[in-house]
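Coordinate inspection notes
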Amino acid sequence: MGAAAPAEPGGTPRRPAFGLLALEGPRAAAELALFASFRPLLQRAPHGDGHPVLVLPGMGAGDRSTIPMRGYLRGLGYAVHGWGLGVNRPSPSLIGQLWRRFDELYERHGRQPLSLVGWSLG
């Protein structure tokens, strides 16, 4: 089961193989359990500087899947945002919406550098 990718840069993204999408649910559950078990260790991470962070969900997922990660980053002191674009199904339209979301957050936070964090295939 290989992941599908555009044939050329700038090409229309193709959907990933069904087998890869089917594995995302069980994989996300396992990642959440692992995340919870490592939480005490993760709390030792250096605190952030308050700059904005945009968290992207994995392929076929939405903002609900990134709630634990966003909470963790918020707890470290970052200004964390979900992507707010529904389910992550790559398309030229969605990529345009993501650029607009990025620009909106960049302006809202006084043109500070904005970090992007992706979850799984995000």
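Presented here is a report on the structure given in the accompanying data block. (Residues numbered from 1 in each chain as written. Predicted model: local features only at pLDDT ≥ 70, side-chain atom pairs only at ≥ 80, totals over all residues. Heavy atoms only, no water.)

**Side note on the nonpolar core**
Our working rule: We define a nonpolar core as any set of buried Ala, Val, Leu, Ile, Met, Phe, Trp, Tyr and Cys residues linked to one another through side-chain atoms lying within 4.5 Å. Burial classes follow relative accessibility: with a 1.4 Å probe on protein chains only, a residue under 20% of its type's maximum area counts as buried, one over 50% as exposed, and anything between as partly exposed. Only runs of H or I of at least four residues qualify as helices and only runs of E of at least two qualify as strands under DSSP, and these elements are numbered from the N terminus. In this description, contact between two residues means that some pair of their heavy atoms is separated by no more than 4.5 Å.
Ranked by size, the top nonpolar core spans 9 residues in total: F35, V53, V55, M69, Y72, L73, L76, V80 and W119. Broken down by secondary-structure element, the contributors of at least two residues to this core are β1 (52–56) and α2 (67–75). A per-element tally of this core places α2 first, with 3 residues. Residues in contact with V53, not counting those within four places in the same chain, are L73, Y78, A79, V80, H81, L114, S115 and V117. Ranked by size, the runner-up nonpolar core spans 7 residues in total, among them L54, W83, L94 and L105.

**Section: helix α3 (residues 92–108)**
Heads up, the rule is: Here the expected length of a helix is defined as 1.5 Å per residue gap, with one fewer gap than residues. This arc is built from the directions going out from the helix axis to the C-beta atoms.
The terminal C-alpha atoms of α3 lie 24 Å apart, and with 17 residues this matches the ideal 24 Å at 1.5 Å per residue to within 8%. Burial in α3 covers these residues: L94, R101 and L105. All buried residues of α3 fall inside an arc of 30° around its axis, so they share one side. Away from the buried face of α3 by more than 90 degrees, exposed residues P92, W99 and R100 are located. Those residues of α3 hidden inside the fold are in contact with β1 and β2 (79–82). Trailing α3 by a residue or two, G110 shows a phi angle of about 65°, which is positive.

So far we have only geometry, and geometry alone does not tell us how the molecule works.
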